[in-house]
Amino acid sequence: MLFERNSLLLLGILIISFLSLIQADYWAYKCEQEQRCVRVSKADLNQDTSYTVFQERIYETWKICRLVCGTYGALWPRPTGNTFIGPNLMQFHPNFIRFDFQDIPLVTKDLMVDMTKVFMRNIRHECGANCTLPSETEVLVRIFITSPDTTLSWETVESYSLDISTLGTKVSVDISAATIYGARHGLETLSQLITVQPGPENSHRNGLVITGATRVRDSPVYSHRGFMLDTARNFIPIRQIRKVLDGMAATKLNVFHWHITDSHSFPLETPRVPLMTQHGAYSSTNVYRQTDVRSLVKYARQRGIRVLLELDAPAHAGNGWNWGPQHGLGELAICVNEQPWRNYCIQPPCGQLNPINPNLYHVLRDIYRDVMDVIASEETLHMGGDEVFFPCWNSSTEIRDLLRSRGRNLEAEDFLQLWAEFQASALRIWDEESGRAPSSRDPRKPPPPVILWTSHLTLPETIENYLEKERYIVQAWLKADDPIPEQLIAKGYRLIFSTKDAWYLDHGFWGITTYASWRKVYDNRIPTSLSVLGGETCLWSELVDHNTIETLTWPRTAALGERLWSNPDTNAKQAEGRLNRHRERLVTREIRAEAVTPKWCVQNEGQCS
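Each chain has its residues counted from 1, following the order in which its sequence is written. Residues qualify for local features only when their pLDDT is at least 70, as the model is predicted, and side-chain atom pairs are given and counted only at 80 or more; totals for whole chains, interfaces and linings, by contrast, use all residues. Heavy atoms from the whole structure form the basis of all side-chain values; hydrogens and water molecules are not counted.

Engineer: Any details on the pairing of strand E8 (residues 160-167)? Residues and values, ideally.
Structural biologist: Two strands qualify as a pair provided DSSP detects at least 2 bridges between them. In this text, helices come from DSSP runs of H or I with a minimum length of four residues, and strands from runs of E with a minimum of two, each type numbered from the N-terminal end. In the sheet, E8 pairs with strand E9 (residues 170-177) via eight bridges, with the strands oriented antiparallel. Residue pairing for E9: Leu162 is matched across the bridge by Ile175. Pairing geometry for E8 and strand E12 (residues 214-218), over five bridges, is antiparallel. Following the sheet pairing, Tyr160 is matched in E12 by Asp218.

Take a look at the structure:
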């Protein structure tokens, strides 16, 4: 009771201070029913007593109100465990934050320092350009980590606890986690417990306020919380991809699925096979150098994010693979850029690897070696595997003759078998080059799986003939009502969901597809079976480039973030106020997220939904 009385007293002092000092805006904000921030006229408040203002929880700005209003305040995604955010606030300056790393393993220290730099940059963005409001408050952040492991995988423990307490002008923050990535999530939550405080009228000075008493216990529901970006149809510069990663980190997403090659272009530098980019990149400047990819992997790790490369095959492989005949290797791919395209592929330009050319597998081995040189040592590979178009292979005299020599009749199942043989060869080569072949790995541990999209190869009635459930994870790009995912789960396969009528962000701009609003993204639920790793939003880039990527991605992918971290039993309506605040947070961090609602609805929460 004493703690609560002191907290309320401090809150009252702060409110009175705010209202007397700052009169630059017309509105203050009231926390109604402990969940909604609604604007109230300052002119009306000036006719009231400070006691009434104090009792009714009136705050100077919407951001400050949202910080402490409701069980989860401004937190996104909402925590899954016990959460308490007290009403008292402490003003401070970012220069007076200190970090204590005494209780973390030495091998994690450099990475932890990098993570705190990201945190400090974020709160300085929050404070704004003229962050000069003086304060004597000191903030000490103590971080406790038990495990020295810095690998990042589906098995990584990402839970954390966060406690904030205040004594006088000293604020103590304790973040405890098993791994450094859990601690990073704790830092992200801490940044969301801080917001800007404007200074006196006409001073043009800002400071920060932090909640003075908070307790959070948190861990994610799903281990795979991702965003897929296609950078092959249109080249997306590295600087723009970094901004994607910044938004993902703010939302506690942990997998950047990079669809880096397709039939349109092959922009990934492969030093062992330089002809791939020479024939496949849009230009010499539209290439992802090995140094670029390594730096992006490091940038992502500092934000708790894996970089999962996808080399789509055997379909969606054309430009970049068309140099074989000139160099004595035969056709590495067929149907490349053929017209009329509808006879050879699902979407132009066409191209499909030639699975009967032994030289293809030598080139593929070199590419896998180059991939292993840039990704994390523990990382796996997305092998694509969607939209294989049998008429393309059937157009090849060489492939038809081989199948006939085997006694095949050129039926769909014959081409399906050919596809399965290619996939088995590709997996064997990947295992050998990544050190995961039986002869080079710990026999006590199962080999890491690779990922394939749903396709004819993964149909429930035939998948067990071609793909071992221990070696393959299936990414389902099916409609929400499709029964196939449940059938695959029943057979023991692990799944990642990318529900195409809810989580495909490019839909609604072409063909008969329908745009999915953030509400549809948020309300799309997936099974909670142990076989379901999680999900991803996907942004295919036929109509996307660096000018439009941010608004198409955010804040809809943030809606996915809460669905996969928290999997709340509530719907989008209850989340709207917090998502508005998160959208503002992304914008403050220089991410151009599209608006969620009209400004009036932001200022009057709960009155537009």
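Having seen the model, we can carry on.
Engineer: Summarise the sheet that holds strand E10 (residues 194-198); cite the residues concerned and give the values.
Structural biologist: Judged by pairing direction, the sheet is antiparallel, and its three strands sit side by side in the order E5-E11-E10 without closing on themselves. The strands lining the two open edges of the sheet, one partner per strand, are strand E5 (89-92) and E10. Strand-to-strand twist across the sheet, computed as the mean angle between neighbouring axes with direction ignored, equals 40°. Lines fitted to C-alpha atoms define the axes, with helix axes restricted to the stretch in contact, and inter-axis angles between N-to-C directions lie between 0 and 180 degrees.

Engineer: Could you give an account of the state of the cysteines, naming the residues involved and the relevant values?
Structural biologist: Working definition: a disulfide is two cysteine sulfur atoms within 2.5 Å of each other. Counting across every chain of the model gives six disulfides. Paired through a disulfide, Cys127 and Cys131 show a sulfur-sulfur distance of 2.0 Å. Of note, the bridge from Cys127 to Cys131 carries an S-S torsion of about 85° and is right-handed in sense. The exposure classification of Cys127 matches that of Cys131, with both residues buried. Here the disulfide map of the chain reads 1-4, 2-3, 5-6, 7-10, 8-9, 11-12, the bonded cysteines being numbered as they appear in the sequence. Accessibility here uses a 1.4 Å probe with only protein chains present; expressed as a share of the type maximum, an area under 20% marks a residue as buried, one over 50% as exposed, and anything in between as partly exposed.

Engineer: Explain the packing of helix H10 (residues 358-372) against helix H13 (residues 412-433) residue by residue, including any values.
Structural biologist: To describe two helices that pack against each other, one gives the angle between their axes and the distance between the axes. Their axes nearest at 9 Å, the elements H10 and H13 cross at an angle of 40°. Comparing their axes, H13 and H10 come out oblique. As H10 runs across H13, the sense of the crossing is right-handed. For the pair formed by H10 and H13, the contact residues are Leu360, Tyr361, Leu364, Arg365, Tyr368, Arg369, Val371 and Met372 on the first element and Phe422, Ser425, Ala426, Arg428, Ile429, Trp430, Glu432 and Glu433 on the second. Lys, Arg, Asp and Glu make up the charged group, whereas Ala, Val, Leu, Ile, Met, Phe, Trp, Tyr, Cys and Pro make up the nonpolar group; the residues left over, Gly among them, are polar. For the contact of H10 with H13, the class distribution of residues is ten nonpolar, one polar and five charged. Convention used here: angles under 35 degrees read as roughly parallel, angles over 145 as roughly antiparallel, angles from 65 to 115 as roughly perpendicular, and any remaining angle as oblique. Note on convention: the crossing is left-handed when the near helix lies turned anticlockwise from the far helix by less than a right angle, right-handed when the turn is clockwise. Residue contacts are defined here by distance: any two heavy atoms, one from each residue, within 4.5 Å place the two residues in contact.

Engineer: Lay out the domain arrangement of the chain with the relevant residues and their values.
Structural biologist: Each assigned domain of the chain is listed here: domain 1 (70-218) and domain 2 (224-437 + 445-603). As used throughout, domain bounds are those supplied by an automatic or database domain assignment. One C-alpha centre belongs to domain 1, the other to domain 2; they are set 34 Å apart. Facing 32 residues of domain 1, the contacting portion of domain 2 comprises 38 residues. What counts as buried area is the accessible surface, traced by a 1.4 Å probe, that two parts surrender upon association, with contributions from both included. The contact between domain 1 and domain 2 buries some 3,100 Å² in all, and 56% of this surface belongs to carbon and sulfur atoms.

Engineer: Before we move on, could you go through the sheet that holds strand E2 (residues 36-41) and cite the residues and values that matter?
Structural biologist: Within the open sheet, the three strands sit side by side as E2-E1-E3. Their pairing is antiparallel. Every interior strand has two partners, whereas the edge strands, E2 and strand E3 (58-59), have only one. Pairing analysis gives six bridges linking strand E1 (residues 27-32) to E2, with the strands arranged antiparallel. Bridge pairing links Cys31 to Cys37 in E2.

Engineer: So what about helix H5 (residues 109-127)? Which residues, and what values?
Structural biologist: Multiplying one less than the number of residues by 1.5 Å gives the expected span of a helix. Between its first and last C-alpha, H5 extends 27 Å over 19 residues, near the 27 Å set by a 1.5 Å rise per residue. If you check which residues of H5 are buried, you get Leu111, Met112, Met115, Thr116, Val118, Phe119, Met120, Asn122, Ile123, Glu126 and Cys127. In the segment just after H5, Gly128 is the residue with positive phi, at about 100°.

Engineer: Before we move on, can you summarise the UniProt feature "domain: Beta-hexosaminidase eukaryotic type N-terminal" (unreviewed entry) in the chain with the specific residues and values?
Structural biologist: UniProt positions are given in the numbering used here, feature names are shortened, and annotations may be inferred rather than shown by experiment. Within this structure's numbering, the places UniProt gives as "domain: Beta-hexosaminidase eukaryotic type N-terminal" (unreviewed entry) are residues 76-193. Between the C-alpha atoms that bound residues 76-193 the distance is 10 Å, and the span itself is 26% helix and 32% strand.

Engineer: Lay out the nonpolar core in plain terms, naming residues and giving numbers.
Structural biologist: For this analysis, a nonpolar core means a set of buried residues of the types Ala, Val, Leu, Ile, Met, Phe, Trp, Tyr and Cys, connected via side-chain atoms within 4.5 Å. Within the largest apolar cluster, 116 residues are counted, with the highest numbers of intra-cluster contacts made by Phe256, Trp258 and Trp321. With sequence-adjacent residues up to four places away left out, Phe256 is seen in contact with Phe227, Leu229, Ile241, Val244, Leu245, Met248, Leu296, Ile305, Arg306, Val307 and Leu308. The next biggest cluster of nonpolar side chains, apart from the first, holds 51 residues, and it includes Ile97, Ala177, Ile180 and Leu190.

Engineer: Describe the side chain of Thr195, naming the residues involved and giving the relevant values.
Structural biologist: Position of Thr195 among the secondary structure elements: in strand E10. We classify Thr195 as buried; its relative accessible area is 0%. Engagement of the side chain of Thr195 in a polar contact is seen with the side chain of Glu126, the distance being 2.8 Å. Polar contact is the term for a pair of N or O atoms within 3.5 Å; when the atoms are in protein, one must be able to donate a hydrogen and the other to accept it, and sequence-neighboring residues count only if both atoms are side-chain atoms.

Engineer: Give a description of the environment of Arg294 that names residues and reports values.
Structural biologist: Tracing the chain through its elements places Arg294 in helix H9 (residues 290-301). Taking the C-alpha atoms as reference, Arg294 lies 8.8 Å from Ala376; in sequence the two are 82 residues apart. Residues in contact with Arg294, not counting those within four places in the same chain, are Asp373 and Val374. Reaching out from Arg294, the side chain makes a polar contact with the backbone oxygen of Asp373 at a distance of 3.2 Å.

Engineer: Break down unusual backbone geometry for me, with residues and values.
Structural biologist: Cis peptide bonds are those with omega within 30 degrees of zero, and the linkage from Trp76 to Pro77 qualifies with -5°. Counting through the fold element by element, Pro77 comes out in the loop between helix H4 (62-68) and strand E4 (83-85). A cis geometry characterises the amide bond from Trp554 onward to Pro555, with omega recorded as 5°. Its location among the elements puts Pro555 in the loop between helix H17 (549-553) and helix H18 (556-565). For Asn337, which is not glycine, the phi dihedral falls at a positive 60°. Tracing the sequence through the fold places Asn337 in the loop between strand E16 (333-334) and strand E17 (352-353).

Engineer: Pulling in residues and values, what's your account of the environment of Leu539?
Structural biologist: By secondary structure assignment, the location of Leu539 is in strand E22 (residues 532-539). Remark: the alpha-carbon pair of Leu539 and Ile549, spanning ten residues in sequence, is separated by 8.4 Å. With residues near it in sequence (within four places) discarded, Leu539 still touches Phe227, Met228, Leu229, Asp230, Leu505, Asp506, Val544, Ile549, Leu552 and Thr553.

Engineer: So, the pattern of salt bridges: which residues are in play, and what are the values?
Structural biologist: Here, a salt bridge means any Lys or Arg side-chain nitrogen found within 4 Å of an Asp or Glu carboxyl oxygen. In the structure shown here, the tally under the stated rule is 34 salt bridges. Across the salt bridge formed by Glu34 and Arg57, the nearest N and O atoms sit 2.5 Å from each other. Of the two residues, Glu34 sits in the loop between E1 and E2 while Arg57 sits in the loop between helix H3 (50-55) and E3, which places them 23 residues apart along the sequence. In this structure, the salt-bridge partner of Asp163 is Arg217, at a minimum N-O distance of 3.2 Å. Of this pair, Asp163 sits in strand E8 while Arg217 sits in strand E12; the two residues are 54 residues apart in sequence, bridging distant segments of the chain. Classification of Asp163 by relative accessible area gives partly exposed; the value is 25%. With a relative accessible area of 31%, Arg217 lands in the partly exposed category. What you see here is one network of salt bridges that share partners, running through Arg365, Asp366, Arg369, Arg428, Glu432 and Glu433.

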